[in-house]
Amino acid sequence: MSESLEAFFSPDGELSSVLGSYCYRDSQVEMAEIVGKAFNEGRIAVIEAGTGTGKSFAYLVPALQKLMSDKLARVVVATSTITLQKQLFEKDIPLLVSAMGFKENIAILYGRSNYACIRRFKDMEEQSALIAADDDGDLARFSKWIRSTNTGEKTDLADRTLMDFFQSMASDENDCRGRRCPYINECFYYKARAEALKARLVVTNHHIFLIDGKHRMECSMDFSENAILPAYGYAVLDEAHHLDDEATGILSRNYCFDDLKSILDFLTKKDPRLANMSLVEYLGRYEKTVGSSKDALSRIRDLRKHSQLFDERLTMVLSNYPGSEILLTPEVYTVVRPVLQSAESLAKDMADLYIVLSTMLVDDVSEDDVPHVVNLMRQAGALLFLSDNLRDVIRFSDFDSQIPYAERGQGAKYDLRISPMNVGDKLGTIFYDNLRSIVFCSATLAVSRNFEYFKSEVGLSGREVLEGGFESPFAYKRNLMLLLPLDGRQYRNEASDEYIEYTSKAIAEAIGHSGGGALVLFTSKRMMEDVYGIVKGILPDEQLYCQGIGGARNLLLNRFKKNIDSSLFATSSFWEGVDAPGNTLRLVIIVKLPFTVPTTPIYQARCRNLDMKGSSSFMSLTVPEAAIKLKQGLGRLIRSEDDRGVVLILDNRILSKNYGRMLLQSLPECYIPEDCMLGNIGSKIENFLF
């Protein structure tokens, strides 16, 4: 064990000197050892650290030690949520910097849309008389905030009623004038970028981390150069169980009718700032060849008609298939292909318009109009990008490694998408083959006490990886009771009404004996609402909240936390991220095992691919995903050393099916009464809690 780490984390070490209530944990030091070894030896590490391990400090301390010992090193820490980003940057890192005497720059970077745009605000302020007429109006209140904030970050906006207004004032790449903006020196986003490029430690999110990596791959840039993020060689990905889904989204390609329409609208809308002309008309004064701007406008008109016709034909064919998302299997592709092939000319029209726009102007443009030229080139590039993506869909043939599908957006319009079958190869090419070291960690990565499922998801199978699994130091065996009724029912689709009746009675019984304080987790919105209605009739005096009924997610969650004896019925978004320590949450009821239903095209395709290769998609994908989600559901309950609570799983498949053992092995060790029956769950809950 490293003497420096042991000394730092010791009960009388530097960390205890800056923390008011510090508790030494072997698991925290052991995790820090693995992270330090990964950094020092240039290795990849995968670590699961249960709630209370102190994983943030366990990776931040060796990260800062690396920066202090190697003056050329840079570390990027990426999380899945803004909440954890802020906690790291505003709370955890300042404590460690103080304890360790780290003197160099540290920065936080969000996505652009999380920063207010001063120019957009100034433009609205100048055009509006509302600020003078109404001191309590949105514009007036936003004006006070934007003049007082140092960061311009959405998360710093205390008045949540201004969130919609903030979105209209958010920094937008399509509307950004870049270095030509009169407010460039005050720009919140550019200041944050500049700070990040100077920093040795940058806290960001998975989205920016992945976008930066994709940008480097597409532009043939290595990690020794500054891109969206600064040059760096070391990375920590916290909340890494989200990485597969997030990488799938970032590495997908799409053609969207509405995206094309937005580009064409941007090019042709009349703008008071351009003498009430469109962007193309206004920049026509700089055209190289007389009439080229008119040619561009004519092509735009034709492109609108052509794209509308293609969208109508595509909608007519795809509307014959059920659902809003349609996997384009080879069989479906055979039917849709003639319509897609007709879009070759549409893709060519977009590419031709790109050429016209990108070559239309002379080089000598007035300084004041350079920002408008930049906007024109940006829209032209977006056209080419859409054209290339549409061609990829039209000519698609690689069903083994990619997933083509159609997704209905607003109205009846369909977006066409291609997603990777597995993101692992791309992640390897972008990150693993180029970074010096990368650490993945989360409270929920292992399935049946191993990391094979996670490693297969993110492309680490076959690579040499340091591993560490650390259970929560909290006394689960004493403080968490898991109830698995021996006579519980198995969920069956064909008997859903019977299952709803069964679960409603059991939920009412459990909540009645716990006195509330329950989070009831569902996998189906419809089932949740049906059960909520029945339970509300059985327990009319209880405070029962239901997601989607009576307020937004955050409002309901705050009400639930505030009212200690209330209960909340919720679906997937509440399976993780709910932090309600203490007696507010003392009972978690899992109504049905959280198996993903293969309805989404990506999930369908991945299951199909595994089955065709001779693997069982259910055991290789569905069960491991359910195990991770089940562990997240249990993780809502014990959030501190003093928390005590009960988890009730009503779906008897966890006991009666062979895969149930895998699910149970993935959960933290807790107290499981062997004589639990539906008839005694109430008394067991009451005796354990009170």
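The structure we're discussing is the one just above.
Note that the structure is a prediction, hence the values are computed from the model and not measured.

A. Looking closely at the overall build of the chain. When you go through the chain residue by residue, the secondary structure sums to 29 helices and 17 strands. Computed over C-alpha atoms, the radius of gyration of the chain comes to 28 Å, within 12% of the 26 Å expected from 2.2 N^0.38 for 690 residues, which places it in the range of a compact globule. Each principal axis of the C-alpha atoms in the chain carries an extent, and together these give about 90 × 65 × 60 Å. Each of the 690 residues in the chain was classed as buried or not, and the buried ones make up 53%. Long-range contacts, defined as pairs at least 24 residues apart, comprise 76% of the intrachain contacts of the chain with a sequence gap of at least 6. For the chain, the accessible area works out to roughly 30400 Å², and carbon and sulfur atoms hold 48% of it. Taking the average location of the 80 positive side-chain charges in the chain and that of its 94 negative ones, the two points are 2 Å from each other.

B. How the structure looks around the sheet that holds strand β16 (residues 587-590). Read across the sheet, 6 strands follow the order β12-β17-β16-β13-β15-β14 without closing on themselves; strand pairing throughout is parallel. Strand pairing shows two members of the sheet lacking a second neighbour, β12 (480-483) and β14 (544-546), which therefore form its edges. The sheet shows a mean angle of 15° between the axes of neighbouring strands, direction not considered. Pairing geometry for β16 and strand β17 (residues 645-649), over 4 bridges, is parallel. Of the residues in β17, the one forming a bridge with I590 is I649. Strands in contact with helix α22 (residues 496-514) are β13 (518-521), β14, β15 (567-570), β16 and β17; relative to β16, the strand with the most contacts, it is inclined by about 175°. In the packing of helix α29 (residues 681-689) onto the sheet, contacts are made with β12, β16 and β17, and the angle to β12 comes to roughly 175°.

C. Inspection of the environment of S17 at higher detail. Note on placement: S17 falls in helix α2 (residues 14-18). For the pair S17 and S98, spaced 81 residues apart in the sequence, the C-alpha separation amounts to 9.8 Å.

D. Summary view of a nonpolar patch on the surface. Together, L486, L655 and M677 give the surface a local cluster of nonpolar side chains, amounting to about 240 Å² of exposed area. For M677, a relative accessible area of 32% puts it in the partly exposed group.

E. Representation of the pattern of salt bridges. For the structure shown, the criterion picks out 38 salt bridges. Between E48 and K631 there is a salt bridge, with its nearest N and O atoms 2.9 Å apart. Taken together, the residues E48 in strand β1 (residues 44-49) and K631 in helix α26 (residues 617-634) connect sequence positions 583 residues apart. Close ionic contact of D212 with R216 constitutes a salt bridge, the shortest N to O distance being 2.7 Å. With D212 and R216 both in helix α11 (residues 206-218) and 4 residues apart, this pair spans about one turn of that helix. This pair shows no difference in class: D212 is buried, exactly as R216 is.

What counts and how
Residues numbered from 1 in each chain as written. Predicted model: local features only at pLDDT ≥ 70, side-chain atom pairs only at ≥ 80, totals over all residues. Heavy atoms only, no water. Helix = DSSP H or I, 4+ residues; strand = E, 2+ residues; numbered from the N terminus. Rg over C-alpha atoms; globule rule 2.2 N^0.38 Å. Buried < 20%, exposed > 50% of the residue type's maximum accessible area, 1.4 Å probe, protein only. Contact = heavy atoms within 4.5 Å. Areas by Shrake-Rupley, 256 points an atom, 1.4 Å probe, with all protein chains shown as cover. Lys, Arg positive; Asp, Glu negative; His and termini not counted. Charge placed at Lys NZ, Arg CZ, Asp CG, Glu CD. Pairing = 2+ DSSP bridges. Axes fitted to C-alpha atoms, helices over the stretch in contact; angles between N-to-C directions. Patch = residues over 30% accessible without salt bridge, like charges linked within 9 Å, V, L, I, M, F, W, Y side chains within 5 Å. Salt bridge = Lys/Arg side-chain N within 4 Å of Asp/Glu carboxyl O.

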